[in-house]
Amino acid sequence: MDAIQFQLNGTKTSYSGDAANRLLDVLRDTYEMTSVKCGCKEGECGACSVLIDGMLINSCCVAVGSVDGCNIVTLEGYRETKRFAALNKAFASTAAAQCGFCIPGMVLAAEALLSKIPHPTEAQIRDGLSGNLCRCTGYNAIVNAVHLAAKGGNGLW
Amino acid sequence: MQNISQPVVKKDHESKITGRAIYVSDYHDDNILTGKFLRSTLAHAKLVSVDVPPLPDGYCYVDKTDVPGDNNVNIVKDDTPVFARDTVEYIGEPIGMIVGPEESEVDHILSKIKVSYEELEPVLDIRKADTVFFDYEFGKGDMEKAFAEADKIYEEEFTTGYQEQAYMEAQGMIAEPEKDGKMLIHGSLQCPYYIHGAIMRALACGPDQIHIKQDATGGAFGGKEDFPSILGCQVAVAAKKANAPVRCIFGRREDMEFTTKRHPSLCTYKVAVKDGHVTAMDIDVKFNGGAYTTLSAVVLQRGIICADGIYNIENLHVRGKALKTNTAPTGAYRGFGAPQTFFAVEMMMDHIAMDLGIDSLKFKELHMVKQGDATSTSGKYHFPVPVPAMLDEVDRVCDLRRKHEEYAKPQTGRYRRGMGISMHFHGAGFTGSGERDIIKAVCRLHKYPDGKVEILASNGEIGQGLLTTFPKIVAHELNLPLDQVTYTYPDTARVPDSGPTVASRSLMVVGELLRRCAIKLRSQWKDGEDQIVEEHFKEPDFVIPFYLDKFQGDAYPTYAWGVNAVEVEVDTYTGLTKILGAYGNFDVGTPIDYNIVMGQMEGGFLQGIGFASIEQMDYDNKGRIRNNSFTDYLIPTSADVPNMKCMLHVEEYPDGPYGAKGAGELPLVGVPAAYVEAVEQALGHGVKLSHVPFTAEDTLKVIAKEGL
């Protein structure tokens, strides 16, 4: 059987393991992308969110075989971008990272939202982040950070 | 705002925002073996036999016979077994562990193990529980006289359910034998020295033979206070047997079902009222402790001390029991017994006011404590009680007094509104003389020849910001740039025991010790030299000594205060409650970083709203918890409470650093009563609600029953 081919953070990647393996496990164990967190393994918490062809997806609910030909972005790739720098600055200014476990998923959720709606309303931000659970912050600091990033990163999205 | 309150970029921000922070599951090392538990499938049974199939090379089975020392985990008492003894006492109790290199093979072996049980009758209902773990009683005044002279006596029962901490990172630990014969145990945890003490006993080893290190920890909220002592002993025993590193990471369902959570409660209040005034309260508190005691003693102590709320009740009798049931042990969760009793007392006051036909807020204001008054345990409120001013501040943002009276009038139509108000305190630090007699915190500063200063303390960063706020205090006192002062995840091999990361104590108690260390270092500072200074906890002089046998004296040196208001709109067709606004005004003294403290307030407040409204967890008639996933146990999302506003009121505490008091737990404690009073107002018709969570289904039941 042919290996599964995909782009991982811009690098052409070929995976020869079982196509039924969870993308989450493959990213963490095979490619050591440990920013992708396992919070529930059943698609409820969003800690394992990655971008697949720009869409925010829970990687725990994806079989690696189904990403053949896709472009996958994790925080390891995204953190090298200017858009990340804008989000980083905004999250820092509101102290939005507490325990930090939801944060990689939250950052990618913010990217997925802002790439669709560069200047979202508060309701749109809350809706855009609602698939990613955070138990620490009460969400206000994260929502404010996304709002600030959208303002400060004018033109990036 | 004081200079120290100005927000800074958190020192762990960069590692967390980039995803580089290493949590226990992130260590990539093929030599680490995977450990998974064989768990009891019955709530109460005698273990007859455990038949383990022949194991492939590299795999082993670990159980109580492998524990080199005491098969008991030292927590407050030591009744929790490392691995099950001759009986199992709850569904999920660890009987043994399979350890090996491949997780799939470990799972396969576990599925082949046959356990024979002799089933025993489980006790699941706390009303029927007859094993009393802890039984406390205290009071003051003349109860008989007060009840004899009462115009009216009110009696009511209140219940609260489980609450799961639902930290985003599940429990996980690694035990690694080291080359020198020692062992390192590290992972997701709050209290390194608790674990250190527990594992020393389980391995029967000296203090230098093991050390405990905290990894980046993905939330805790009390859930990683007691439980890691148990898991730590288990992985340490397994690593000892396998003579290899063993890692155990919980799945979400495993974590929700089998780890400690908030004690369900049943509180009965009997209240005497004379001339429109409460003259006596006779309070009976029961907490469901589950199968083993863990922290139930201290959770119960805090719960009963708060049982008369922020009111000056001259005649008081409180009896509290923690009872055994054959369910997963309950333990620490933010608030630590106080959310249960504050809910009960606030609702009781609301209901008496309703019956007397006066506004519940006005009724409560008549009874409110003030500076100099006696506490429930005949201690003293030594410092100003800022609640009246805090109420006014909340009133200004949400018009609560007017709305509270307006919504109390009869309403019709599909959508009806309510405004609920609650007031509460949280005593900072260990209950009673715990700080002085048990914890005896020590911390150090190490100044290096290059002028950099390292903080040596054992308190963990669990999201609450200690990696930043501790250095802020020391840098401020030494007049150094913040990047010259460091604090890293504690390792017991390197740091003294400054106590556990619990009881909203770290910043107030340890932070003040660090401030004193810094003053000492400043006075002795010699450029270019390596210097170490140390400070020990000293109880403030004003404290009235607390006697636990009598429950008398100052249970806490000072209190953080909270005023909560929640405005709701209930859809009487669907039972759904929309929160129109949730307002929390909190006095935690001086914030040592405005953003960090605000983050604590908002996060805790939302957890309280969850507890009050949607976080439903229960077990079936076999004792199995069914709400064991985020599908069946809902926690708030970013879309649920868009209008949540927290405020800070600052009443400085002279014995906390720059006036800071305990903060972490306060914002959760008062929400249930505010939320439920709001729903009660919206439903109207004199309904009296008495439990949390109060879900949409509960609302529909009341509507159907009362024909609203």
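- With an unreviewed UniProt entry as reference, chain B is termed Xanthine dehydrogenase family protein, source organism Blautia liquoris.

## Regarding the overall build of chain A
So, point 1. Broken down by element type, chain A carries 6 helices and 5 strands.
So, point 2. Listed by position from the N terminus, the elements making up chain A come as β-β-α-β-β-β-α-α-α-α-α.
So, point 3. Since a compact globule built from 157 residues should have a radius of gyration of about 15 Å, the 15 Å found for chain A is in line with a globular shape.
So, point 4. Taken across its 157 residues, chain A has 56% of its residues classed as buried.
So, point 5. Expressed as a percentage of contacts within chain A between residues at least 6 apart in sequence, the contacts between residues at least 24 apart total 62%.

## Some thoughts on the UniProt feature "domain: Aldehyde oxidase/xanthine dehydrogenase a/b hammerhead" (unreviewed entry) in chain B
So, point 1. The feature "domain: Aldehyde oxidase/xanthine dehydrogenase a/b hammerhead" (unreviewed entry), as annotated in UniProt, sits at residues 18-121 of chain B in this numbering.
So, point 2. A distance of 52 Å separates the end C-alpha atoms of residues 18-121 of chain B, which is 10% helix and 35% strand.

## Regarding the interface of chain A and chain B
So, point 1. With 43 residues of chain A in contact, the opposing surface of chain B contributes 42 residues.
So, point 2. Counting only elements with at least two residues in the side of chain A that touches chain B, the list comes to helix 2 (75-78), helix 3 (82-93), helix 4 (103-116), helix 5 (122-128) and helix 6 (140-152) of chain A.
So, point 3. In terms of residue class, the side of chain A that touches chain B is made up of 22 nonpolar, 11 polar and 10 charged.

## Focus: the nonpolar core
Residue and element names in this part refer to chain B.
So, point 1. Membership of the largest hydrophobic core comes to 275 residues, with the highest contact counts inside it found for Val235, Ala236 and Leu514.
So, point 2. No other element matches helix 5 (residues 227-242), which puts 10 residues into this core.
So, point 3. With residues near it in sequence (within four places) discarded, Leu514 still touches Cys443, Ile455, Ala457, Phe470, Ile473 and Val474.

## Considerations on the sheet that holds strand 3 (residues 60-62) of chain B
Residue and element names in this part refer to chain B.
So, point 1. An order of 3-7-1-14-11-12-13 is seen for the 7 strands of this open sheet, with the pairing classed as mixed. Of all the strands in the sheet, just strand 3 and strand 13 (210-214) have a single pairing partner and so form its edges. Each neighbouring strand pair of the sheet contributes to a mean axis angle of 25°, computed without reference to strand direction.
So, point 2. Across 3 bridges, strand 3 lies against strand 7 (residues 94-100) in antiparallel orientation. Residue pairing for strand 7: Tyr61 is matched across the bridge by Ile98.
So, point 3. Where helix 4 (residues 192-203) meets the sheet, it contacts strand 12 (183-187) and strand 13, and its direction lies at approximately 150° from that of strand 13.

## What about the sheet that holds strand 26 (residues 691-692) of chain B?
Residues and elements named next belong to chain B.
So, point 1. Ordered by their spatial adjacency, 6 strands build an open sheet running 9-17-16-15-10-26, and the pairing between neighbours is mixed. Sheet topology places strand 9 (132-140) and strand 26 at the edges, where each strand pairs with a single neighbour.
So, point 2. Alignment of strand 15 (residues 265-274) against strand 16 (residues 277-290), held across 10 bridges, turns out to be antiparallel. Among the inter-strand pairings, Leu266 is bridged to a residue of strand 16, identified as Lys286.

## Topic: helix 11 (residues 400-407) of chain B
Residue and element names in this part refer to chain B.
So, point 1. Among the residues making up helix 11, those that are buried are Leu400, Lys403 and His404. One side of helix 11 carries all its buried residues, which in axial view fall inside an arc of 100°.
So, point 2. Buried positions along helix 11 lie against helix 9 (360-367), helix 10 (387-398), strand 18 (415-427) and strand 23 (559-571).

## A word on the pairing of strand 4 (residues 55-58) of chain A
The side chains of a regular strand alternate between both faces of the sheet.
Residue and element names in this part refer to chain A.
So, point 1. Pairing of strand 3 (residues 49-52) with strand 4, which is carried by 4 bridges, proceeds in the antiparallel orientation. Its bridge partner being in strand 4, Leu51 is matched across the sheet by Leu56.
So, point 2. Hairpin connection from strand 3 to strand 4: 2 residues lie between these consecutive antiparallel strands, with Asp53 at a positive phi of about 50°.

## Considering the domain arrangement of chain A
All names here are of chain A.
So, point 1. According to the domain assignment, chain A consists of domain 1 (4-77) and domain 2 (81-152).
So, point 2. For domain 1 and domain 2, the distance between their C-alpha centres works out to 21 Å.
So, point 3. Taken together, the 15 residues of domain 1 in the interface contact 13 residues of domain 2.
So, point 4. No other element matches strand 3, which puts 3 residues into the side of domain 1 that touches domain 2.

## So, the packing of helix 8 (residues 338-356) of chain B against helix 17 (residues 671-683) of chain B
Residue and element names in this part refer to chain B.
So, point 1. The contact between helix 8 and helix 17 brings their axes to 8 Å, and the two run at 35°. Like other packed secondary-structure pairs, helix 8 and helix 17 cross with a definite hand, here right-handed. Contacts between helix 8 and helix 17 involve Pro339, Phe342, Phe343, Glu346, Met347 and Asp350 from the first element and Pro672, Ala673, Val676 and Glu677 from the second.
So, point 2. Here the residues of the contact of helix 8 with helix 17 sort into 7 nonpolar, no polar and 3 charged.

## So, the confidence of the model for chain B
Parts of the model with low pLDDT should not have their predicted coordinates read in detail.
So, point 1. On average, chain B scores 97 in pLDDT, and the residues at 70 or more come to 100%.
So, point 2. Model confidence for the complex is summarised by a pTM of 0.98, with the ipTM given as 0.98.

## Some details on the domain arrangement of chain B
Residue and element names in this part refer to chain B.
So, point 1. Along its sequence, chain B is carved into domain 1 (24-122 + 171-249), domain 2 (265-431 + 551-706) and domain 3 (434-536).
So, point 2. On the domain 3 side, the residues contacting the 21 residues of domain 2 number 20 residues.
So, point 3. Here the residues of the side of domain 2 that touches domain 3 are counted per class, giving 10 nonpolar, 7 polar and 4 charged.

## Looking at the environment of Ala216 of chain B
So, point 1. Residue placement: Ala216 of chain B occurs in the loop between strand 13 and helix 5.
So, point 2. The class of Ala216 of chain B is buried, set by 23 C-beta atoms lying within 10 Å.
So, point 3. As for Ala216 of chain B and Lys16 of chain B, which are separated by 200 residues in sequence, their C-alpha atoms are 9.2 Å apart.
So, point 4. Ala216 of chain B has contacts with Gly100 of chain A together with Ala21, Ile22 and Tyr23 of chain B, leaving out every residue within four places of it along the chain.

Rules and cut-offs
- Residues numbered from 1 in each chain as written.
- Chains lettered and ligands numbered in written order.
- Predicted model: local features only at pLDDT ≥ 70, side-chain atom pairs only at ≥ 80, totals over all residues.
- Helix = DSSP H or I, 4+ residues; strand = E, 2+ residues; numbered from the N terminus.
- Rg over C-alpha atoms; globule rule 2.2 N^0.38 Å.
- Buried ≥ 20, exposed ≤ 12 C-beta atoms within 10 Å, placed from the backbone.
- Contact = placed C-beta atoms within 7 Å.
- UniProt positions renumbered as here; feature names shortened; annotations may be inferred.
- Nonpolar A, V, L, I, M, F, W, Y, C, P; charged D, E, K, R; others polar.
- Core = buried A, V, L, I, M, F, W, Y, C linked by C-beta atoms within 7 Å.
- Pairing = 2+ DSSP bridges.
- Axes fitted to C-alpha atoms, helices over the stretch in contact; angles between N-to-C directions.
- Arc of directions from axis to C-beta.
- Domains from an automatic or database assignment.
- Left-handed = near helix turned anticlockwise from the far one by under 90°.
- pLDDT = per-residue confidence, 0-100.

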